[in-house]
Amino acid sequence: MIRRTRPVVGAIALLAALTAGIAFPAGAAAGEPTGESAPKVDLVLDVSGSMRAKDIDGQSRMAAAKQAFNEVLDATPEEVQLGIRTLGADYPGDDRKEGCKDTAQLYPVGPLDRTEAKTAVATLVPTGWTPIGPALLQAADDLDGGDGSKRIVLISDGEDTCAPLDPCEVAREIAAKGIGLTIDTLGLVPNAKLSRQLSCIAEATGGTYTSIEHQDELTDRVNELVDRAAEPVVTPVAVEGADACERAPELRSGLYTDRQEFGQQRWYRVELLAGQELRASVSVAADRAVRPDHGILMRAVTLHGREIVRGEATGNGRTDVVSTGLRHPKPELDDDSGKPAAETVCLGVTTSFSADAGVKTTPGLPLELTVDVVDGPDNASDVASFGLGRGWWLLGALVVTGFLAGLVWGWLSRWRVAVWRTS
């Protein structure tokens, strides 16, 4: 049984790493990097009026952003298709309704013409509102199509001014589509409110948030994120668990993503041959405000409902994700039939998250599930043992120890009585 709790980014990285042992070589298994399409990045830049402030190395925020963009465009790898979208760049008025529509594609996502892109950036002047939510929705459309990696890099110096279209909810909706799009956020000279909002946006899609106070920090971080887009990535495959094992989808080795309602139980099935070992782990991210005490339980059971092994973990609100996992080796056959016996293992995931009134419960919390089927250890024993797994060894040792202790205690008691009577 495996128990662990970790930050969001670390959990996703570990889940991706666990998919290395692929037991089904025919074709591309779930969660494998295909590399068939070019990676895409959409840089989303805040050009609202507050970008006039001169508090980044003695220059305005807009000037620092332009300088950073010029350096990033020079360093962008050839294989990356890059685009630039603005928010708050065109409407200077006071009409909030119009201001919240102010997002435009400055340079389309595609093969990069550095001269053309730099020229477009040079024309930007801090102007209007901060419609982060609408800009993210449009940026997701900019990156539509293809199975390569997709990344939005949002750079802003202020929180969204277009509520009730909450940018955190927008990010969750984008994540729920299962298109493998990551949003990274950078806050220029941020305050606490901006930091919370940009962190929420990033965490909803497994991205990162970075606080920026100097121009070279902005250049280095955007360069790093663009380079990261060019690296092979493992994209989770969207799957929908069932309310019972007999209706559950069958999973092979790979990385999967699902959404789970508060307190819901989801089931998945895995076929395991004799001599193989199932390794499974699950992480559930708290992408919205939840009560501090929560937990997750993962069980492997037979088709008849007999528990094989379980993994469980609890959270106290100090981390954004709670994770657990389990292992189950299926022993080799004892007979000489030569046919590898198959066993259907039902994986059940149950959570105990809850939220205060007013917190949206739909879509469900993001769930990532790793299934890894590998060659099992030599002479693996059946660890089902009526739900105790290898705990039978401990139970047997305790029974023998208790029996021997009882015999010794009884003999000592009789000896003491005999001595007392003779004295």
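These numbers come from a predicted model, not from an experiment.

(A) Main features of the overall build of the protein chain. Helices and strands together make up the secondary structure of the protein chain, namely 9 helices and 16 strands. Taken across its 423 residues, the protein chain has 48% of its residues classed as buried. Considering only contacts within the protein chain whose residues lie at least 6 apart along the sequence, 77% involve residues at least 24 apart.

(B) Up close: the sheet that holds strand E7 (residues 209-212). If you trace the 6 strands from one edge of the open sheet to the other, you get E4-E3-E2-E5-E6-E7, paired in mixed fashion. A strand with exactly one partner marks an edge of an open sheet, and here the two such strands are strand E4 (103-110) and E7. For this sheet, the mean angle separating the axes of adjacent strands, direction not counted, is 15°. Where strand E6 (residues 181-188) lies against E7, 4 bridges are found, and the strand directions are parallel. Each residue of the ladder has a partner; that of Leu 186, found in E7, is Thr 210.

(C) Summary view of the nonpolar core. Core analysis: the largest hydrophobic core is formed by 32 residues, its most contacted members being Leu 43, Leu 45, Ile 155, Leu 186, Leu 218, Val 222 and Val 226. Element by element, the count of residues in this core is highest for helix H2 (residues 61-75), at 7 residues. In this view, Ile 155 contacts Val 44, Leu 45, Asp 46, Phe 69, Leu 186, Leu 188, Leu 218 and Val 222; residues no more than four positions away in its chain are not counted. One finds Tyr 256, Ala 286, Ala 300 and Leu 369 within the second-largest nonpolar core, a separate group that totals 28 residues.

(D) Region of interest: the pattern of salt bridges. Scanning the entire structure with this criterion turns up 18 salt bridges. Measuring nitrogen to oxygen at the nearest pair gives 2.8 Å for the salt bridge that ties Asp 243 to Arg 247. Note on accessibility: Asp 243 and Arg 247 belong to one class, exposed. As a salt-bridge pair, Asp 258 and Arg 266 come within 3.2 Å of each other at their nearest N and O atoms. Connected through salt bridges with shared partners, the residues Asp 55, Arg 61 and Asp 157 form a single ionic network.

(E) Structural detail: the environment of Val 237. Tracing the backbone through its elements, the reader meets Val 237 in strand E8 (residues 237-238). C-alpha separation for the pair Val 237 and Gly 178, spaced 59 residues apart in sequence, amounts to 7.3 Å.

(F) Representation of the environment of Gly 148 within the structure. Structurally, Gly 148 can be placed in the loop between helix H5 (132-142) and strand E5 (150-156). If we skip the residues at most four places from it in the chain, Gly 148 touches Ser 37 and Ala 38.

(G) Layout of a negative patch on the surface. A grouping of Asp 57, Glu 71, Glu 213, Asp 216, Glu 217 and Asp 220 is seen on the molecular surface, where their side chains present a negatively charged patch. Per-element accounting of the negative patch gives the leading share, 3 residues, to helix H8 (residues 215-230). Following the sequence through the fold, Glu 213 ends up in the loop between E7 and H8. On the basis of relative accessible area, Glu 213 is assigned to the partly exposed category, the value being 46%.

(H) Representation of the packing of H2 against H8 within the structure. Running from N to C, H2 and H8 point in directions that differ by 35°, and their axes come no closer than 9 Å. Considering how the two elements wind past one another, H2 and H8 form a crossing that is right-handed. Residue-level inspection shows Ala 64, Ala 65, Gln 67, Ala 68, Glu 71, Val 72 and Ala 75 of H2 in contact with H8, the latter providing Gln 215, Leu 218, Thr 219, Val 222, Asn 223, Val 226 and Asp 227.

(I) The arrangement of the packing of helix H6 (residues 167-176) against helix H7 (residues 192-204) in detail. At their nearest, the axes of H6 and H7 sit 8 Å apart, and the two run at 10° to each other. Accordingly, the angle class assigned to the pair H6 and H7 is roughly parallel. Of the residues in H7, those touching H6 at Pro 167, Cys 168, Ala 171, Arg 172 and Ala 175 are Gln 197, Cys 200, Ile 201 and Ala 204. For the contact of H6 with H7, a count of residues per class yields 7 nonpolar, 1 polar and 1 charged.

Basis of the calculations
Residues numbered from 1 in each chain as written. Predicted model: local features only at pLDDT ≥ 70, side-chain atom pairs only at ≥ 80, totals over all residues. Heavy atoms only, no water. Helix = DSSP H or I, 4+ residues; strand = E, 2+ residues; numbered from the N terminus. Buried < 20%, exposed > 50% of the residue type's maximum accessible area, 1.4 Å probe, protein only. Contact = heavy atoms within 4.5 Å. Pairing = 2+ DSSP bridges. Axes fitted to C-alpha atoms, helices over the stretch in contact; angles between N-to-C directions. Core = buried A, V, L, I, M, F, W, Y, C linked by side-chain atoms within 4.5 Å. Salt bridge = Lys/Arg side-chain N within 4 Å of Asp/Glu carboxyl O. Patch = residues over 30% accessible without salt bridge, like charges linked within 9 Å, V, L, I, M, F, W, Y side chains within 5 Å. Areas by Shrake-Rupley, 256 points an atom, 1.4 Å probe, with all protein chains shown as cover. Lys, Arg positive; Asp, Glu negative; His and termini not counted. Charge placed at Lys NZ, Arg CZ, Asp CG, Glu CD. Left-handed = near helix turned anticlockwise from the far one by under 90°. Parallel < 35°, antiparallel > 145°, perpendicular 65-115°, else oblique. Nonpolar A, V, L, I, M, F, W, Y, C, P; charged D, E, K, R; others polar.

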